[in-house]
Amino acid sequence: MAKKDQQNFGQGSASGLSTGNPLAGCRSHSRFQWDACSLIALTINYLRGPRRLVALGPRIALEVEGRVAKTSQGEVPVSKPWKVIIVGGGFGGLRAAQALRSDLVDVTLIDRRNYHLFQPLLYQVATGSLSPGEVAAPLRSILSRQKNTRVLLGTVEDVDPAYQQVFLADGAVLPYDSLIVATGSQTSYFGHNEWQEWAPGLKTIEEATTIRHKILYAFEVAERISDSVQRRAWLTFVIVGAGPSGVELAGAIGEIARQTLKNDFRSIHPEEAQIILMDFAPRVLMTFPENLAEKAHRSLTELGVQVKCGAMVKGVDKDGLTIEVNKRPDYIHAKTVLWAGGITASPLGRILTARTKAETDKGGRVKVEPDLTIPDYPDIYVIGDLGSAVDANGKPLPGLAQVAMQGGSYAGKSILRKVKGQAKLPPFHYFDKGSLAVIGRASAVANVFGLHLSGLPAWLVWVFIHLMYLVSFQSRVLVFIQWAIQDLTFSRGARLITGSAPTDFNFNKEVGGGGGTPESKTEPAAARQ
Ligand SMILES: Cc1cc2nc3c(=O)[nH]c(=O)nc-3n(C[C@H](O)[C@H](O)[C@H](O)COP(=O)(O)OP(=O)(O)OC[C@H]3O[C@@H](n4cnc5c(N)ncnc54)[C@H](O)[C@@H]3O)c2cc1C
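Presented here is a report on the structure given in the accompanying data block.

Reading the values: the criteria
Residues numbered from 1 in each chain as written. Predicted model: local features only at pLDDT ≥ 70, side-chain atom pairs only at ≥ 80, totals over all residues. Helix = DSSP H or I, 4+ residues; strand = E, 2+ residues; numbered from the N terminus. Buried ≥ 20, exposed ≤ 12 C-beta atoms within 10 Å, placed from the backbone. Contact = placed C-beta atoms within 7 Å. Axes fitted to C-alpha atoms, helices over the stretch in contact; angles between N-to-C directions. Parallel < 35°, antiparallel > 145°, perpendicular 65-115°, else oblique. Left-handed = near helix turned anticlockwise from the far one by under 90°. Nonpolar A, V, L, I, M, F, W, Y, C, P; charged D, E, K, R; others polar. Expected span 1.5 Å × (residues − 1). Pairing = 2+ DSSP bridges. Near = placed C-beta within 6 Å. Domains from an automatic or database assignment.

Counting secondary structure elements, the protein contains 14 helices and 29 strands. Buried positions account for 43% of the 529 residues belonging to the protein. If you take every contact in the protein between residues at least 6 apart in sequence, the share linking residues at least 24 apart comes to 63%.

Looking now at the packing of helix H2 (residues 91-99) against helix H10 (residues 401-420). Packing of H2 against H10 brings their axes to within 7 Å, and their N-to-C directions diverge by 30°. Classified by the angle between their axes, H2 and H10 sit roughly parallel to one another. Along this stretch, H2 crosses H10, giving a crossing that reads as right-handed. Along its contact with H2, which presents Phe-91, Gly-92, Gly-93, Leu-94, Arg-95, Ala-96 and Ala-99, the element H10 presents Ala-401, Ala-404, Met-405, Gly-407, Gly-408, Ser-409, Ala-411, Gly-412 and Lys-413. Classifying every residue of the contact of H2 with H10 by side-chain character gives eight nonpolar, six polar and two charged.

With that out of the way, let us pick up unusual backbone geometry. Positive phi, normally seen in glycine, also occurs at Asn-326, with a value near 50°. Of note, Asn-326 is situated in the loop between strand S19 (320-325) and strand S20 (328-333). Unlike most non-glycine residues, Asp-376 shows phi in positive territory, near 70°. Turning to its location among the elements, Asp-376 is positioned in the loop between strand S24 (373-374) and strand S25 (377-382).

We now examine helix H5 (residues 205-224). Counted at 1.5 Å a residue, the expected span for H5 with its 20 residues is 28 Å, and the 29 Å between its end C-alpha atoms agrees. Among the residues of H5, those classed as buried are Ala-208, Thr-209, Thr-210, Ile-211, Arg-212, His-213, Lys-214, Ile-215, Ala-218, Phe-219, Val-221 and Ala-222.

Moving on to the sheet that holds strand S11 (residues 165-168). A sheet is described by the order of its strands in space; here three strands give the open sequence S10-S11-S12, paired in antiparallel fashion. Two strands bound the open sheet, and with one partner strand each, they are strand S10 (156-160) and strand S12 (173-175). The average angle at which neighbouring strand axes cross in this sheet is 25°, direction not considered.

Let's shift gears to the environment of Val-107. Mapping Val-107 onto the fold places it in strand S6 (residues 105-111). Owing to 27 C-beta atoms within 10 Å, Val-107 belongs among the buried residues under this scheme. Separated by 26 residues in sequence, Val-107 and Pro-81 place their C-alpha atoms 9.4 Å apart. What Val-107 contacts, discounting residues up to four positions off in sequence, is Val-84, Ile-86, Ala-97, Leu-100, Asn-148 and Thr-149.

Around the ligand sit 34 residues in total, of which Gly-88, Gly-90, Gly-92, Gly-184 and Gly-384 are the nearest. Elements with a contribution of two residues or more to the shell around the ligand: H2, S6, helix H3 (122-126), helix H7 (244-260) and H10. The residue makeup of the shell around the ligand includes at least three contributed by each of domain 2 (82-112 + 154-187 + 344-420) and domain 3 (193-339 + 435-511).

The next subject is the pairing of strand S21 (residues 336-339). Burial along S21 is two-sided: the face carrying Thr-336 and Leu-338 and the face carrying Val-337 and Trp-339 are both buried. Examined bridge by bridge, strand S15 (residues 236-240) and S21 share four bridges and lie parallel to one another. Looking across to S21, one finds that Phe-237 is bridged to Thr-336.

Shown next as structure tokens:
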């Protein structure tokens, strides 16, 4: 297939000579002379006054007035700015768009949803601390002042790297000169997608509100049924995956049971809920230093969370899950199973690799060059969770917001340099600022620039960073107020049970009409001791 015509300003693709131009006559000279010409042009242009010098390539100065680019070889109409398509308005895509704020490029950001989602606070939506609107902001409003950028709502389904086009699910076809793919990742059930029905993951607002539904609904059902075995199953919560998201969820459910709901029920003692955090790994927070993982483990235990390491999930169904510990099978009756077990690349990654013959890592992430482009496709960048970039030691970079944001800035800057005809950036280097995991109120662990913090200091760092990175100022203020109120009162303001879940109870079928006769509650076990 023939490659679409491209125009790289800065590379001097114009025809015709302008005799009044300071660079006229430089074309046949040596490299050294070319660079000297560029310097002279820059100086003359500077002395000429207030005209905007927008680019100086190694060889040719380029300036834009209105929609005309003046090069050493004459005027070139800039009727066709460099078209950049960004797929995905998450951490990576949004940063790339912001880095591309320039008249020289025409940016189109496409996302299947109309908002940017701050995933690190999703667990707070799932546990009733924050409302969805507080962790998401409309992409259109974030970019409203960036006039070279338009936002389109749509799902990108396919890419044609030869003709440089992307295809949307609704049939639209859009051309690009540079493409940035930042479609992130999705929950991985390790080849058992059928478990998703019973064990929702935590990647989207919809999943977060389903989890919120399941947690709060479980206490409601337990309040209405008298059968102690069934009640126990409804009051058992299992979180699969003891990474930061699993730890955060388990800690928050512990707080809900022990503090938030303590006085709200008449037949049950919410604080007697069983909360199990399990992982096949030998300890929690495998990516954190061991001493911080131990501290996190202790804090979880204080919140009533049982940590089960070395446990492999073999099956999940409506009533619980089958696990294997030390090769011995076991079944846990639990009506609420939540999945924080792992992630895999978003589906567009598979299409992209099929079209470009790029390699993938075992998580399906697209292996990229040191400049974050796909091998042999210098105009296609893959950033964030979807890209598999490596550090100086060849170790793959983690799926973190910081990696995505830094990758987005890098891709944006690289494209601008290319359009301006400037030299390439050095290879992408990830600046690791550390990692954090919150366990509960005033409790967190943090590894910041090699400094190991825990408890209140780590929690304060966590609060500060999360507030600072929320994209909209309004969200920052609202979240700050919510947290302040909740931390003073132990309440959770967004405890709404909305929608439905496949595990919802049918009182008629399962109890035989009316929901049984709940007994009035006796003293909780802890109080009896
Ligand atoms: C619960 C949770 C907690 C986390 N906590 C932390 C944390 O504390 N610190 C941290 O650093 N990282 C954290 N992360 C990881 C972090 O959120 C990700 O690394 C980051 O979001 C990756 O950014 P991205 O731009 O690659 O993808 P995303 O932010 O996921 O954005 C991808 C975007 O692409 C869009 N999209 C996908 N497919 C298509 C398509 N075909 N067409 C159009 N649009 C599409 C999506 O709608 C989405 O907007 C957490 C993740 C989760 C799920």
